[in-house]
Amino acid sequence: MIEITGLVKRYKDVTAVDGLDLRIRPGEVFSLLGINGAGKTTTIKMLSCLTVPTAGDALIGGHSVTKEPEQVKRLIGVSPQETAVAPNLSVKEGLELMCGIHGLSKERTKGKITELSERFALDPVLTRKAGKLSGGWQRRVSIAMALIGEPRVLFLDEPTLGLDVIARHDLWDVIRSLKGKITIILTTHYMEEAEALSDRIGIMKSGRLLAVGTAEELKHTTGTADLETAFVTIVKEDAV
Amino acid sequence: MRMMTFAKRCAKEILRDPLSLVFGLGFPLVLLLLLSAIQASIPVDLFRIHSLTPGITIFGLSFMTLFSATLIAKDRESAFLQRLYTTPLSALDFILGYMLPILPIALGQTLICYLVAICLGLTVSIHMVYAIIGLIPMAVFHIALGLLCGSLLNVKQVGGICGALLTNLSAWLSGVWFDLELVGGVFQKIAGLLPFVHAVEMEKALLAGDLGAAAPHLLSVLAYSVVATLVAVSCFLGQMKKQ
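Residues numbered from 1 in each chain as written. Chains lettered and ligands numbered in written order. Predicted model: local features only at pLDDT ≥ 70, side-chain atom pairs only at ≥ 80, totals over all residues. Heavy atoms only, no water.

**Overview of the confidence of the model for chain B**
To keep it simple, the criterion reads: A score from 0 to 100, pLDDT tells how confident the predictor is in each residue.
When pLDDT is averaged along chain B, the result is 91; 100% of the residues meet or exceed 70. Here the complex is predicted with pTM 0.86, and the ipTM for its interfaces comes to 0.83.

**Re the pairing of strand β3 (residues 29-34) of chain A**
All names here are of chain A. Operational definition: For each residue, the accessible area found with a 1.4 Å probe, counting protein chains only, is set against the maximum for its type, and the residue is called buried under 20%, exposed over 50%, and partly exposed in between. Helix and strand labels come from DSSP, where a helix needs a run of H or I of at least four residues and a strand needs a run of E of at least two; each type is numbered from the N terminus. Pairing between strands requires that DSSP locate at least two bridges from one strand to the other.
With 6 of 6 residues buried, β3 lies mostly within the body of the structure. Strand direction decides the pairing type here: β3 and strand β9 (residues 200-205), joined by 5 bridges, are parallel. Within β9, the residue paired with F30 across the bridge is R200.

**Some words on the pattern of salt bridges**
For the record, the criterion: Each reported salt bridge corresponds to a side-chain nitrogen of Lys or Arg within 4 Å of a carboxyl oxygen of Asp or Glu.
For the coordinates displayed, the defined rule picks out 20 salt bridges over all chains. The partner of K67(A) in a salt bridge is D57(A), with the nearest N and O atoms 3.4 Å apart. On the criterion of sequence distance, the pair formed by K67(A) in the loop between β5 (63-64) and α2 (69-73) and D57(A) in strand β4 (residues 55-60) is long-range, its members being 10 residues apart. Residue classification places D57(A) among the buried positions, given a relative accessible area of 16%. R9(B) serves as the salt-bridge partner of D75(B), at 2.7 Å between the closest nitrogen and oxygen. In this pair, D75(B) sits in helix α3 (residues 49-77) while R9(B) sits in helix α1 (residues 2-15), placing the two residues 66 residues apart along the sequence. Overall, D75(B) belongs to the buried group, its relative accessible area being 2%. If you follow the salt bridges from partner to partner, you end up with R108(A), K112(A), E115(A), R119(A) and E150(A) in one network.

**Remarks on the sheet that holds β9(A)**
All names here are of chain A. Convention followed: Here an angle of 0 to 180 degrees is reported between the N-to-C directions of two axes, which are lines fitted to C-alpha atoms, with helices fitted over the stretch in contact. When checking whether two residues touch, look at their non-hydrogen atoms; a contact exists if any pair is within 4.5 Å.
The 6 strands lie next to each other as β6-β7-β8-β3-β9-β10, forming an open sheet whose pairing is mixed. The sheet is open, and its two edges are formed by β6 (76-79) and β10 (208-213), each paired on a single side. Averaged over all neighbouring strand pairs, the angle between strand axes comes to 15 degrees, with direction disregarded. Sheet topology note: the β6/strand β7 (residues 153-157) ladder contains 4 bridges and is parallel. Residue pairing across strands places V78 opposite F155, the latter belonging to β7. Where helix α8 (residues 215-222) meets the sheet, its contacts fall on β9 and β10, and the angle it forms with β10 comes to roughly 105 degrees.

**Focus: the state of the cysteines**
Residues and elements named next belong to chain B. Under the convention used in this document: Criterion for a disulfide: a pair of cysteine sulfur atoms within 2.5 Å.
Counted under the stated rule, the structure contains 0 disulfides over all chains. Looking at the unpaired C113, the closest cysteine sulfur is the one in C119, lying at 12 Å. By relative accessible area, which is 2% here, C113 ends up buried.

**Focus on the packing of aromatic side chains**
Under the convention used in this document: Here a pair means two rings of Phe, Tyr or Trp (six-membered ring of Trp) with centres within 6.5 Å. Their orientation is stacked below 30 degrees between planes, edge-to-face above 60, and tilted elsewhere. Should the NZ of a Lys or the CZ of an Arg lie within 6 Å of a ring centre and within 35 degrees of the ring normal, that charge is described as sitting over the ring.
Overall, the coordinates contain 12 aromatic pairs over all chains when judged by the stated rule. Ring geometry for F27(B) and F59(B): centres 6.1 Å apart, planes at 55 degrees, overall tilted. Here F27(B) is found in helix α2 (residues 18-41), whereas its partner F59(B) is found in helix α3, with 32 residues between them in sequence. With relative accessibility at 35%, the residue F27(B) sits in the partly exposed group. Here the aromatic rings of F27(B) and F63(B) are separated by 6.0 Å at their centres, their planes lie at 80 degrees, and the arrangement is edge-to-face. Taken together, the residues span a long stretch of sequence, with F27(B) in helix α2 and F63(B) in helix α3 at a distance of 36 residues. Three or more aromatic residues joined by ring pairs form one cluster here, namely F6(B), Y85(B), F94(B), Y98(B) and F236(B). Seen from the ring of W137(A), R140(A) lies directly overhead, with NZ or CZ sitting 5.0 Å from the centre. Over the ring of Y190(A) we find R168(A); its NZ or CZ atom is 3.8 Å from the centre of that ring.

Okay, here's the thing in structure tokens:
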């Protein structure tokens, strides 16, 4: 589904992503794990055509992010790190807006909103202004908005950042419900989140991908009992 | 279709912000009423309703810059714009979507000012229609300025520059509150180089039915609108690319 080859992003003297090579399979949930400044968000920005790579390329559904961004945009949905909802619109209006932007007819819009309201249990907040909702609800709405265009690939940038434990687990259920149906790439700081949701995990540091594998594989390779220790071992070994 | 959907959303965001309504519609009306009251007590030529109304309508347009810039800066800061950049919306959809919905708001604001001015004694005539139509280039200038500021500044900076600085510049350099000839010198020269006083003089001439007197001022305002639009579009496209 996604083939990344030698992807590089440089900002003046800083190399945010340094020669990333990676393949992500259709229907897979892939987590990019890393400390601040590891290059996770920049990677997502390049894959979602928001930032032009300095070198290298990535194919999404066979389309190049550098040469065919318009085709790529038709295949992807993005839920940015910030919730990115329209604050003065109701949740329903926000969803209608995204339907209109994706060129859905009135009937399809109605059907799509009913479908997403059911899937994300949005009924209690449909008529409320999105900007007035709690962080957890805003994240749900944000993901629902990203799914309007029926993407084959969904990018979730730090989807549970700042959420309380209940809201986080609720959102995990939402992400699990999408598993296998579309390819999901999520970035996170949280080890338990990566382990609970992902088929495979990629560990990034200073723009480089240090290790890729299932949580079990990463633990096995490093000889550690939990993912957090495996992560620390991999990142520290690189420093040495 | 996509552009219209986006434009409707922008209009809703602006009109649902109570501060927009209070400042954008309320403030020019308060000034109109206040200065008319002053005129009733101490007659000043400048504040006669036939002179004052065109000036207030032009001053009111400075709030369109604030509306447009605030919306774009907020969309940038909240990453909403980033989300939309990953959708099939084109650059033209964004630019028109941000600019077009503010035009009817500007015209609505002007219409309300004229209705209040009629209640205060302004004679109803066909020239009002000329004045309202003639205001469009200046409205475009202010909206383009909003696109420019929204593309370059954050929400806080927009509040300071568009909310405080621009509204004051527009008021002081337009000759609405005082006769620029009384100040004279460099101040008058600077005012003459900027579009605000030309817009006010054009509106006064149009309201008086003197199309010949309006023409040179219209040219100046048109030139400013075209240049502001071109600069704003290129800055918006620049920040879009930078994303």
